[in-house]
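Single-letter residue listing:
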Amino acid sequence: MVSDLEGTLTTGETWRIVGEYLKTHGRGGRYRLFFYLHLPGVLAARAGLINAQRYRERWFEDMTRLLAGLSRAQIEDLARAIADELWRARRADVIAELEEYRAAGARLLIASGTYSQAAEAFAGRIGAQAIATPIQFDDAGRATGRLDGVVSTGEVKAARVRAWLGDDVLLAAYGDTEGDIPMLRLAQQPVAVFPDATLRAEAVKRGWRIIEGLSGQPGE
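So, how was this worked out
Residues numbered from 1 in each chain as written. Predicted model: local features only at pLDDT ≥ 70, side-chain atom pairs only at ≥ 80, totals over all residues. Heavy atoms only, no water. Phe/Tyr/Trp six-rings, centres within 6.5 Å; stacked < 30°, edge-to-face > 60°. Helix = DSSP H or I, 4+ residues; strand = E, 2+ residues; numbered from the N terminus. Buried < 20%, exposed > 50% of the residue type's maximum accessible area, 1.4 Å probe, protein only. Lys NZ or Arg CZ within 6 Å of the ring centre and 35° of its normal. Salt bridge = Lys/Arg side-chain N within 4 Å of Asp/Glu carboxyl O. Expected span 1.5 Å × (residues − 1). Contact = heavy atoms within 4.5 Å. Polar contact = N/O pair within 3.5 Å; in protein donor to acceptor, adjacent residues only side chain to side chain.

### Remarks on the packing of aromatic side chains
In step 1: Under the definition given, this model contains 9 aromatic pairs.
In step 2: Measuring from centroid to centroid gives 5.3 Å for W15 and W59, while their planes differ by 75 degrees, and the two rings are edge-to-face. Within this pair, whereas W15 is found in helix α1 (residues 14-23), its partner W59 is found in helix α3 (residues 52-64), the two being separated by 44 residues in sequence.
In step 3: With a relative accessible area of 21%, W15 lands in the partly exposed category.
In step 4: Among the residues examined, W59 registers a relative accessible area of 9% and is labelled buried.
In step 5: For the pair F35 and Y36, a centre-to-centre distance of 5.4 Å together with 85 degrees between the ring planes defines the contact as edge-to-face.
In step 6: F35 sits in the partly exposed class, given a relative accessible area of 23%.
In step 7: Here Y36 falls in the exposed class, since its relative accessible area comes to 56%.
In step 8: Among the aromatic side chains, those forming a connected cluster through ring pairs are W15, Y31, F34, F35, Y36 and W59.
In step 9: Looking at R72, its charged tip hangs above the ring of F137, at a distance of 4.0 Å from the centre.

### Topic: the pattern of salt bridges
In step 1: A full pass over the atoms with the stated rule returns 15 salt bridges.
In step 2: For D180, the salt bridge is made with K157, and the minimal N-O distance between the two is 2.7 Å. Within this pair, whereas D180 is found in the loop between β6 (172-175) and α8 (181-184), its partner K157 is found in helix α7 (residues 154-165), the two being separated by 23 residues in sequence. Accessibility assignment for this pair places D180 and K157 in one class, buried.

### A few points about α3
In step 1: Here α3 is 13 residues long and its end C-alpha atoms lie 18 Å apart, about the 18 Å a rise of 1.5 Å per residue gives.
In step 2: Considered for burial, the residues of α3 that qualify are Q53, Y55, E57, W59, F60, D62, M63 and T64.
In step 3: Its buried side turned inward, α3 meets α1, α2 (28-46), β2 (109-115), β3 (129-133) and β5 (143-147).
In step 4: Residue N51 occupies the N-cap position of α3, its side-chain oxygen lying 3.0 Å from the main-chain nitrogen of Q53.

See below:
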């Protein structure tokens, strides 16, 4: 059993939490400059002028530069703050479905584009494992401002899920955006949770289940 995190299991957003953390830890000016420089891209993505999924990945990569110089302990502190806020904004009904799978003996995995430490902290609350996006550290244990690899979304996420599955069959997968489609295609029971336009079109086309309230409904 596999699920995306942001937008799927929670309405919280890592970028907002990172922004608040930086503002309260002496980096507010840099974050505000980053935000306003990237705002035109956000508007273009919302208007459909550029690929929204690609821009989300770029935003995440660029935002990580603001973490340069933070120690591992500070990154862990930030990760806890992210996980706490994501948990407070959790979709309890969707999480309840995951817990039913776990109670029936299924392994649970959260596959997310957010930072690995944050995804792992959230996953621990529901007895799940996590695959996410690692932050790169230098030899002194300081964040370099870069990711240790690429953002765990799209085909990258799907490949990591396949590796985690091994010879097991993926019974169900939950996601909310275009970037989750490759992962959802691996599952016997794909579920689109409050999907974006691209995922909605795919779910309707393939008859995947769609959740848009307290209960799911089949795609039509």
